[in-house]
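# Geometric and topological summary
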Amino acid sequence: MSLVPGTRLLARLDALRLLFDGAGVSALLVTAPANVFYLSNFRGTAGMLLVGADRASLIVDPRYISSAGALLESAAGCPGMVTVEVASSYEETLVGVLADCGANPVGFESRHVTVSRHDWLVDALAEFHIELLRTTGLVEQARIVKDVYELEKLRDAGLRISRVMSEALAGLRPGRPEREVAADIDWAIQAAGFDGPSFDTIVAGGPNTALPHARPGQRELEAGDLVLLDFGGVLDGYCVDLSRTASLGPPTGEAIAWHKAVFEGHAAALEVVRPGVTVGEVDSAARRTIEQHGLGEFFVHGTGHGLGLEVHEAPRIGKSGPSVSAPGDELVLKAGMVFTIEPGVYLPPRGGVRLEDDLVVTATGYGLLTDVSRGLCVV
């Protein structure tokens, strides 16, 4: 796996520290796995990062201490970051580190710490008069705007997943079970150089296209079916996501009408994307257009979601997409944000259509990261 240079990690940590005063903390306990990876290049099933005013400590258990140490000594290691080995438990080790460093108060990621862990830490830290303060979205504020390294990864991933989609559409045939098609797509994702799929691949035929998150089953694709493909890949930790709808044989008038509504809703959303626009305005553009086709009640989800180290992250492109740091404020687009545009309509048990692309907000508008024809593919 290719990793961001350690000097870039140092810049990310410095940017995070600039937010401490506003949050009223002198250090931050980072426990969300994606945030730990973003700040340290460390990825494991366990681990936490304590970011202080002048030092960052990567706390890992004995399973990871050797690999974490090797990481920090490499070009992908953050200068000045140290490893701390867990002796008994993560919580007891963290208390010892906090008692030694003297930081107070200490922020924690309230969305990623369980109530039981919080309560135990509060009791244990009381002896040292260290206060824990809830924080929301401090690391995510940085992650929502991608840097040059991240955009290079996402552009590469977007082109790779587009090739996989083009081949998958061309290979659709009546008689193939959904599950078999999904397995072939998963193999193609690996063959394209991805770490693996970014979520469970969706292959839905006929009436199953009316299920937004259908799971591929044993149903065989039939002539005349609409077929919905929705899949993505993870490239060096970064996720992409792409959807297209095809018709096995000439589409019905109904299918053409559904696709036209979604196609125009997709185009309307793209048309308004630029810095300074709110996420609600993007969602409204797609929703208003689909409503004009008489299908508004069948558009049952948001228009898009952020992409990055997670396949669903900020910004959320919906009716009320909140700010990462201030949930009551609607988020405004900035250059460097990456997200999907994916309107769809679903009419059980008749069928449905979804059309999804990935994009980056630029200084003047947007740039598509995916490159597959958005017309209704007829196979």
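Residues numbered from 1 in each chain as written. Predicted model: local features only at pLDDT ≥ 70, side-chain atom pairs only at ≥ 80, totals over all residues. Heavy atoms only, no water.

This part covers helix α6 (residues 115–126). Helix length check: α6, at 12 residues, gives a terminal C-alpha distance of 17 Å against a target of 16 Å (1.5 Å per residue), a fit within 8%. Considering only its buried residues, α6 is in contact with α5 (90–101), β5 (106–109) and β6 (132–135). (Helix = DSSP H or I, 4+ residues; strand = E, 2+ residues; numbered from the N terminus. Expected span 1.5 Å × (residues − 1). Contact = heavy atoms within 4.5 Å.)

Below, the discussion takes up empty space enclosed by the protein. To find leftover empty space, one rolls a probe the size of a water molecule over the atoms. Under the criterion given, the structure shown has two cavities of 30 Å³ or more. Roughly 70 Å³ of volume is contained in the largest cavity. Along its surface, the largest cavity is lined by L28, E109, S110, R111, H112, T135, T136, G137, L138, V139 and E140. For the lining of the largest cavity, the element with the highest residue contribution is helix α7 (residues 138–143), accounting for three residues. When the residues that make up the lining of the largest cavity are grouped by side-chain class, the tally is three nonpolar, five polar and three charged. What lines the second largest cavity is S2, L3, V4, R12, F37, Y38, N41, Y149, D236 and Y238. Here the residues of the lining of the second largest cavity are counted per class, giving six nonpolar, two polar and two charged. (1 Å grid on protein atoms, 1.4 Å probe; cavity = no way out; pocket = protein on both sides within 12 Å on 5 of 7 lines; lining within 4 Å. Points joined across faces, edges and corners; volume = space filled by probe spheres on them. Nonpolar A, V, L, I, M, F, W, Y, C, P; charged D, E, K, R; others polar.)

A few words now on the packing of aromatic side chains. Evaluation of the coordinates by the stated rule reveals one aromatic pair. Both rings, one in F42 and one in Y64, keep their centres 5.5 Å apart while their planes meet at 85 degrees; by these two values the pair is edge-to-face. Placement of the pair is F42 in the loop between α3 (33–40) and β2 (48–51) and Y64 in the loop between β3 (56–60) and α4 (65–73), with a sequence separation of 22 residues. It is R12 that lies over the ring of Y38; its NZ or CZ is 4.0 Å from the centre. Looking at R287, its charged tip hangs above the ring of F299, at a distance of 4.1 Å from the centre. (Phe/Tyr/Trp six-rings, centres within 6.5 Å; stacked < 30°, edge-to-face > 60°. Lys NZ or Arg CZ within 6 Å of the ring centre and 35° of its normal.)

Okay, unusual backbone geometry next. The omega angle of the peptide bond from A314 to P315 is 5 degrees, so this bond is cis rather than trans. Relative to the helices and strands, P315 resides in strand β12 (residues 313–317). Omega for the peptide link from P348 to P349 comes to -5 degrees, which places this bond in the cis form. By the element assignment, P349 lies in the loop between β14 (344–347) and β15 (351–354). Non-glycine residue N41 carries a positive phi angle of around 70 degrees. Along the chain, the position of N41 falls in the loop between α3 and β2. Located in the positive-phi region is D236, a residue other than glycine, with phi close to 50 degrees. Note that D236 resides in the loop between β9 (226–235) and β10 (238–247).

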